[in-house]
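The primary structure of each chain is shown beneath.
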Amino acid sequence: MAADAVEPIDIIVPFWGGPQLLFDTVESVFAQTDPSWRLTVIDDCYPDESVPAHFAAIDDPRVTYVRNEHNLGITENYREAIRRAESEHLVILGCDDLLHPTYLEVIRSTVRAVPDADVIQPGAQVIDEHGTVVRPLVDRVKTGLLAPRRRGDGAIAVLRGEAMATSLIRGDWLYWPSLAFRTETLRRIDFREGLPIIQDLALLMDIAFDGGVLAYNPKLVFSYRRHGASASQKTLLDGRRFRDERAYYRTARQLAAAKGWSRTANTARVRVMSRLHGLAELPGVIRHGTSAGIQSTVAHIFAL
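Here is what the cut-offs are and how they apply
Going along each chain's sequence as written, the residues are numbered from 1 onward. Selection of residues for local features in this predicted model requires a pLDDT of at least 70, selection of side-chain atom pairs for listing and counting requires 80 or more, and totals for whole chains, interfaces and linings are taken over all residues. The side-chain values count all of the structure's non-hydrogen atoms but skip hydrogen atoms and water molecules. Fitting a line to C-alpha atoms yields each axis, with helices limited to the stretch in contact; the angle taken between N-to-C directions then spans 0 to 180 degrees. Helix numbering and strand numbering both begin at the N terminus, where a helix is a DSSP run of H or I of at least 4 residues and a strand a DSSP run of E of at least 2. Our angle categories are set so that under 35 degrees counts as roughly parallel, over 145 as roughly antiparallel, 65 to 115 as roughly perpendicular, and the remainder as oblique. Here a crossing is called left-handed whenever its near helix is offset anticlockwise from the far helix by less than a right angle, and right-handed whenever the offset is clockwise. Only heavy atoms enter the contact rule, under which two residues are in contact if any of them lie within 4.5 Å. Charged residues are taken to be Asp, Glu, Lys and Arg, nonpolar residues to be Ala, Val, Leu, Ile, Met, Phe, Trp, Tyr, Cys and Pro, and polar residues to be all remaining types, Gly included. Accessible area is worked out with a 1.4 Å probe on protein chains only. A residue is then buried under 20% of its type maximum, exposed over 50%, and partly exposed in between. Two aromatic rings, drawn from Phe, Tyr or Trp (for Trp, its six-membered ring), form a pair once their centres lie within 6.5 Å of each other, and the interplanar angle then sorts them: stacked below 30 degrees, edge-to-face above 60, tilted otherwise. Placement of a positive charge over a ring is assigned whenever Lys NZ or Arg CZ falls within 6 Å of the ring centre and within 35 degrees of the normal to the ring plane.

Draft legend 1. Structural context of the packing of helix α12 (residues 272–288) against helix α13 (residues 291–302). At a minimum axis distance of 8 Å, the contact between α12 and α13 shows a crossing angle of 155°. If you check the angle between α12 and α13, you find them roughly antiparallel. Judged by the sense of rotation from one axis to the other, the crossing of α12 with α13 is left-handed. On α13, the residues that touch Ser274, Arg275, Gly278, Leu279, Leu282, Val285 and Ile286 of α12 are Gly293, Ile294, Thr297, Val298, His300, Ile301 and Phe302. Per-class residue counts for the contact of α12 with α13 are 8 nonpolar, 5 polar and 1 charged.

Draft legend 2. Just unusual backbone geometry, in detail. Despite not being glycine, Cys45 shows a phi value in the positive range, around 65°. Looking at where Cys45 falls in the secondary structure, it is placed in the loop between β2 (37–43) and α2 (50–56). The phi angle at Arg271 is positive, at roughly 40°, despite the residue not being glycine. Inspection of the secondary structure puts Arg271 in the loop between α11 (262–270) and α12. Arg271 sits in the buried class, given a relative accessible area of 5%.

Draft legend 3. Structural detail: the packing of aromatic side chains. The tally for this structure, following the rule as stated, stands at 13 aromatic pairs. Judged by centre distance (6.2 Å) and plane angle (50°), the rings of Tyr103 and Phe222 are tilted. Residue Tyr103 is located in helix α4 (residues 103–113), and its partner Phe222 is located in strand β10 (residues 213–225); the two are separated by 119 residues in the primary sequence. Phe222 matches Tyr103 in its accessibility class, with the two residues each being buried. One aromatic cluster is present, built from ring pairs that chain together Tyr78, Trp176, Phe181 and Phe191. The ring centre of Tyr175 lies 4.1 Å from the NZ or CZ of Lys142, which sits over that ring.

As structure tokens, then:
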């Protein structure tokens, strides 16, 4: 690469879902004002012939489409994305989310401002399955109460190590598909086994426990799609979400205590926002969930 060339940022999309939403996601990559990107779509054997046909018609050397030999599942497909990354920075983009045109510009400006950042969170908004901007309670809490305070409009907030861990265990205010990572960090710190529903939080906490750095640039450049009947919602109704969350909070408390991070450990022990989340979800779980879901939600609210 020439000395004055800009290294492409890897944007890798693990795919399983609606083809048209995927095509819209890809179009949002093509719309970037910064043209220095490399897009890889990893099809996890989704049963629709329109997908390979669509990518066969794209004549752009920056785009690669691959189809797994067999279905890997979400975590292994994420690992495959990390294995395929070639650049210093990597975005594991959701196959139904949308980049705004200046997304890569904001990521690069944040890297320049915080060159040791392991994780970059740009400003994100939430859209529903129809593309309409929405503000569910959980997202109002994320932006209004959990996201870190910044010094001045447009300033970048930087959290390191214990501060990052405490912020995230108080309440995960990040939007996983919008994050840009230092590729080497993801190669060094793997996903934990047995936590498929909250694997993103567990990985981010492990980055923090490793002394990692999180940079939050509030400039709005991402649309995160939240579906009414998402897989995450189903795990709330059957009890798996809160069961896994309680188990991880216990683990996080132990890890923090071992490092002498008392503030992080106490936050994990009390888990106020996590309990309030359970309380907010309880009416819906009572109406639509299983008996196991109801028991898990009640335990999540009241258990020590």
